[in-house]
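Here is what each chain is made of, one letter per residue.
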Amino acid sequence: MKSGYMAELCKILVIDDEEINTLQLEHVLDDVGVICSCNKSEDAIALIEEFIPDILLLDLEMPNVSGFDILLEIQKRPHLVDLRVLVITSHNDPEIEQKALSLGAIDFISKPLNLTLCRMRVENHAKIRIQEKTIQRTKAALAAEKEHLRITLDSIADGVISTDEHACITYLNPVAQRLTGWSQTAARGRHIEEVMILRDASTKIPSINPLSVALKENRPVAMAINTQLISRQGMLHRVEDSAAPILDKDGNKRGAVMVFQDVSEVLAMSVQMTYLSHHDQLTALPNRVLLHDRLTQGIARASFNNTKVSLMLLDLDKFKYINDALGHHIGDEIIAHIGHSLDKFACNDITVARVGGDEFALVVPYEKDTFGLEPLISQVLDVIAKPFRLADEQHVLSASLGISVYPDDASSVEEMLRHADSAMYKAKQEGANSYYYFSNDLQVEMTKRLKVGNCLRNALDNNDLVVLYQPKYDLVTNDVIGAEGLVRLKDDTGEFISPLNFIEYAEESGLIYRLGEQVLEQSCVDAKKWLDAGYPKKVAVNISAKQFTGISLVDTVASILEKTKLPSRYLELEVTESALIDNFEQTIKQLQAIADMGVSLALDDFGTGYSSLSYLRLFPLDVLKIDQSFVRDMISDSQSLDIVTAIIDLANSLSLQIVAEGIETSQQRDKLQSLGCAIGQGYLLGKPMPFLEMMDVLTQAKNKGNICT
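A brief report on the enclosed structure follows. These numbers were taken from a predicted model, which means no experiment stands behind them.

## Notes on the environment of Thr-556
When you line up the elements, Thr-556 lands in helix α19 (residues 553-564). Classification of Thr-556 as buried rests on a relative accessible area of 18%. Taking the C-alpha atoms as reference points, Thr-556 and Asn-124, separated by 432 residues in sequence, lie 105 Å from one another.

## Section: the sheet that holds strand β3 (residues 55-59)
The sheet built from 5 strands is open, its strands ordered β2-β1-β3-β4-β5 with parallel pairing. Every other strand in the sheet has two partners, leaving β2 (33-38) and β5 (105-110) as the edge strands with one partner each. Each neighbouring strand pair of the sheet contributes to a mean axis angle of 20°, computed without reference to strand direction. Pairing of strand β1 (residues 10-15) with β2, which is carried by 6 bridges, proceeds in the parallel orientation. Directly across from Leu-13, in β2, lies its bridge partner Cys-36. Set on the sheet, helix α4 (residues 94-102) makes contact with β4 (84-89) and β5; between it and β5 the angle comes to about 140°.

## Here we look at the environment of Gly-686
Counting through the fold element by element, Gly-686 comes out in the loop between β28 (679-680) and α26 (691-704). Taking the C-alpha atoms as reference points, Gly-686 and Ile-663, separated by 23 residues in sequence, lie 9.4 Å from one another. Setting aside anything within four residues of it in sequence, one finds Gly-686 in contact with Gln-470 and Pro-471.

## So, helix α9 (residues 210-217)
Regarding α9, the residues found buried are Pro-210, Leu-211, Ser-212, Ala-214 and Leu-215. Buried-residue contacts for α9 involve β6 (159-163), α8 (192-195), β8 (197-200), β9 (221-222), β11 (236-247) and β12 (253-262). Looking at where α9 begins, the residue whose side-chain oxygen comes 2.9 Å from the main-chain nitrogen of Leu-211 is Asn-209. Positive phi appears at Asn-218, one or two residues downstream of α9, with a value of about 55°.

## Some details on a nonpolar patch on the surface
Judged by side-chain polarity, Met-269, Met-273, Tyr-275 and Leu-276 come together as a nonpolar surface patch covering roughly 390 Å² of accessible area. You can see Tyr-275 is positioned in helix α10 (residues 264-278). On the accessibility criterion, Tyr-275 (39% relative accessible area) is partly exposed.

## Quick word on the nonpolar core
Core analysis: the largest hydrophobic core is formed by 77 residues, its most contacted members being Trp-530, Leu-571 and Leu-573. By residue number, the principal contributor to this core is helix α18 (residues 512-532), which donates 7 residues. In this structure, Leu-285, Ile-384, Ala-399 and Leu-401 belong to the second largest nonpolar core, which totals 31 residues.

## Some points on the pattern of salt bridges
According to the stated counting rule, one finds 31 salt bridges in the structure shown. Across the salt bridge formed by Asp-408 and Lys-308, the nearest N and O atoms sit 2.9 Å from each other. On the criterion of sequence distance, the pair formed by Asp-408 in the loop between β18 (399-406) and α15 (413-430) and Lys-308 in strand β13 (residues 308-316) is long-range, its members being 100 residues apart.

## Quick word on the side chain of Glu-484
One can find Glu-484 in strand β21 (residues 480-490). A polar atom in the side chain of Glu-484 sits 2.9 Å from the side chain of Asn-542. Polar contacts involving the side chain of Glu-484 include one to the side chain of Lys-625, which spans 3.1 Å. Those residues in contact with Glu-484 that lie beyond four places of it in its chain are Leu-468, Tyr-469, Gln-470, Lys-472, Ala-540, Asn-542, Glu-574, Lys-625, Glu-661 and Gln-681.

## Some remarks on the packing of helix α12 (residues 319-326) against helix α13 (residues 328-342)
When two helices pack together, their arrangement is given by the angle between the helix axes and the distance between those axes. Remark: α12 packs on α13, axes separated minimally by 6 Å, with the N-to-C direction vectors making an angle of 135°. Here α12 is positioned oblique relative to α13, judged by the angle of their axes. Between α12, through Phe-319, Ile-322, Asn-323 and Leu-326, and α13, the contact on the second element is made entirely by His-328, His-329, Ile-330, Gly-331, Ile-334 and Ile-335. Here the contact of α12 with α13 is built from residues that sort into 6 nonpolar, 4 polar and no charged.

## Side note on unusual backbone geometry
Residue Pro-112 follows Lys-111 across a cis peptide bond; omega there is -5°. Structurally, the position occupied by Pro-112 is in the loop between β5 and α5 (115-155). The peptide bond linking Tyr-406 to Pro-407 adopts the cis configuration, its omega dihedral lying at 10°. Positive phi, close to 70°, is recorded for Ala-167, a residue that is not glycine. With relative accessibility at 4%, the residue Ala-167 sits in the buried group.

## Side note on the sheet that holds strand β19 (residues 435-437)
If you trace the 5 strands from one edge of the open sheet to the other, you get β14-β15-β13-β18-β19, paired in mixed fashion. The open sheet terminates on both sides in strands that have one partner only, identified here as β14 (351-356) and β19. Across this sheet, the average inter-strand angle for adjacent strands is 20°, counted without regard to direction. With 8 bridges joining them, β13 and strand β15 (residues 359-366) adopt antiparallel strand pairing. Residue Lys-308 lies in a different strand from β15, and its bridge partner there is Tyr-366.

## Here we look at the packing of aromatic side chains
For the structure shown, the criterion picks out 3 aromatic pairs. Relative to Trp-530, the ring of Tyr-469 lies with its centre 5.1 Å away and its plane at 75°, an arrangement referred to as edge-to-face. Placement of the pair is Tyr-469 in strand β20 (residues 466-474) and Trp-530 in helix α18, with a sequence separation of 61 residues. Judged by relative accessible area, which is 0%, Tyr-469 ranks as buried. Among the residues examined, Trp-530 registers a relative accessible area of 0% and is labelled buried. Judged by centre distance (6.2 Å) and plane angle (10°), the rings of Trp-530 and Phe-691 are stacked.

## Examining the environment of Met-694
Within the secondary structure, Met-694 sits in helix α26. Separated by 224 residues in the primary sequence, Met-694 and Gln-470 have C-alpha atoms spaced 8.0 Å apart. Leave out the neighbours within four places in its chain, and Met-694 touches Tyr-469, Pro-471, Val-480, Gly-482, Ala-483, Trp-530 and Met-689.

## Topic: the pairing of strand β25 (residues 600-606)
A large share of β25 lies buried, amounting to 6 of its 7 residues. Bridge count for strand β24 (residues 571-576) against β25 is 5 bridges, and the pairing is parallel. What sits directly across from Thr-576, in β25, is Asp-604. Pairing between β25 and strand β26 (residues 623-626): 3 bridges, direction parallel.

## Description of the pairing of strand β7 (residues 169-172)
Bridge count between β6 and β7: 3 bridges; the pairing is antiparallel. What sits directly across from Ser-162, in β7, is Tyr-171. What sits between the antiparallel neighbours β6 and β7 is a turn of 5 residues, in which Ala-167 has the positive phi angle 70°.

What counts and how
- Residues numbered from 1 in each chain as written.
- Predicted model: local features only at pLDDT ≥ 70, side-chain atom pairs only at ≥ 80, totals over all residues.
- Heavy atoms only, no water.
- Helix = DSSP H or I, 4+ residues; strand = E, 2+ residues; numbered from the N terminus.
- Buried < 20%, exposed > 50% of the residue type's maximum accessible area, 1.4 Å probe, protein only.
- Pairing = 2+ DSSP bridges.
- Axes fitted to C-alpha atoms, helices over the stretch in contact; angles between N-to-C directions.
- Contact = heavy atoms within 4.5 Å.
- Polar contact = N/O pair within 3.5 Å; in protein donor to acceptor, adjacent residues only side chain to side chain.
- Patch = residues over 30% accessible without salt bridge, like charges linked within 9 Å, V, L, I, M, F, W, Y side chains within 5 Å.
- Areas by Shrake-Rupley, 256 points an atom, 1.4 Å probe, with all protein chains shown as cover.
- Salt bridge = Lys/Arg side-chain N within 4 Å of Asp/Glu carboxyl O.
- Core = buried A, V, L, I, M, F, W, Y, C linked by side-chain atoms within 4.5 Å.
- Parallel < 35°, antiparallel > 145°, perpendicular 65-115°, else oblique.
- Nonpolar A, V, L, I, M, F, W, Y, C, P; charged D, E, K, R; others polar.
- Phe/Tyr/Trp six-rings, centres within 6.5 Å; stacked < 30°, edge-to-face > 60°.

That is the geometry; function is a separate question.
Okay, structure coming up:
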């Protein structure tokens, strides 16, 4: 465009029956807009509909269809309302002008045409039309943006309320309408304090609306913690968030906006999650986490008040057997019953908790006299011992209870937990339904056990276990027929630790599996050396009852035999009666698999356990070993002698080999021999000895001819 004042071109339509006029106008208006012309008035309306011009130059005096007729048709079409019509006429009659104006014309061009004046008039109208179109587009964009904002505000999950500078409501989105109970129409113009009623959820004291504060102080304001919104219908919602003033570009307040959300469900979920994280799901009692917190509080109060607090830790006796025999679902019901029974002791001062499994705890604050606990301890044990029915069966339980007292034996929560656990363990050793206070002696014992545990772990990690061998003799020929491998553990000073101490610790800590595997492998290695040296002797190795609870015992035995290249007939495994009874079906399968390898099986310490003959015939046993306690007393105690005699007769009737342990005198040896016991071991015959000494014994026996091959 030559003038350069318009950003876009208008569409200009010229309708005149005189072709000379249309040609002149097309020429003079060429750069004003996009020009289209028509000389047939009967085609005008169709062309207008097709071209949709911005400016129409219309001759009034045309045959067939006049300009007035065209103006009438245009008025009938609402979509042509923005069309700017300039009429061309040779008349100066005011009536004609009035009629044209009434039919929508906005300007006149006189004939004959003054092209300069005509161009100026059209240019001015083009400018106006372009400005109108720009305004229309701007309004449309603003309307679209406003609609987008409305949809956004209506769609978000938070409540939104806007007000004017006097805190009177101008807008509520649907969420705000739902939470306040006010419709947009009803709330508009009302003060925020009337529509949004807030109060403290705990004290019920009315709260100042943060939007009012935001307007007054001209700053964003967060909603008070623990705020409750009361809707128009009386519904309660816990809400939170903030309000802020609305400022124009000059910093003047134009209103305020409140954004808030309903956190009722979130708070309820938080409360539920907090409860679940601090309580046992089966019994609903406090769990270990909450117990730790209550103990911490109890110690703090006891320290401040110069009083005491005790931790009673109790464990159900032999619950594992009940659980295994009846199933875990019955076990869970029993635990739930015990939890409900113990919950009667819970009060403001006493906390009852389930620590885990079948362990429960009580935190009890009290005055100086420790003996004040005795009635409560008796009540707790009596409640547990009270018979109850479950699944049409009557159950009678007992518990072992350990007690730690602050500040008598512990100064922290961790110490109390450890000491109560140690005392409970001691109570279990005393027998069912027992209780035990932690003491200095128990502390010494616990420290000793810890030291034993460290020594055992180090020995296992470094393969430093010592295996000694006690020879077995034929009591008739005095021949060495084999040896029993006995594990020993040295402390830091090189002194031996009693097997009673470290074997027990190994079973409790789970180290028994590593211990058993290392002892078995070392024994097989040494037996293979004897065999290679010409001394084909069977080595006997003890297997703990715990090892039968695992599923890898059979694989371990097979792997070690293959690794050491020891023929299976030179290995004998000794098991106790308790090992046979625990996990009965699994034990039978494992023993049968081991026997099928060619490994012989011996029942150790026979007569000291269950001694059930029905069990005895079900297991693939080869040897019965008479416990040393009977051997020791049989000379002086007739009952012990009768037991030894019965065991020997039983073994002979079952075609089992019999071995007597703990032979310490010639009198014992002779008596056993006379009763028909062919094999024995004990200090009289030979003490446990290192591998090399055992090799010397075998060599000497062979040189004297006293070794069986």
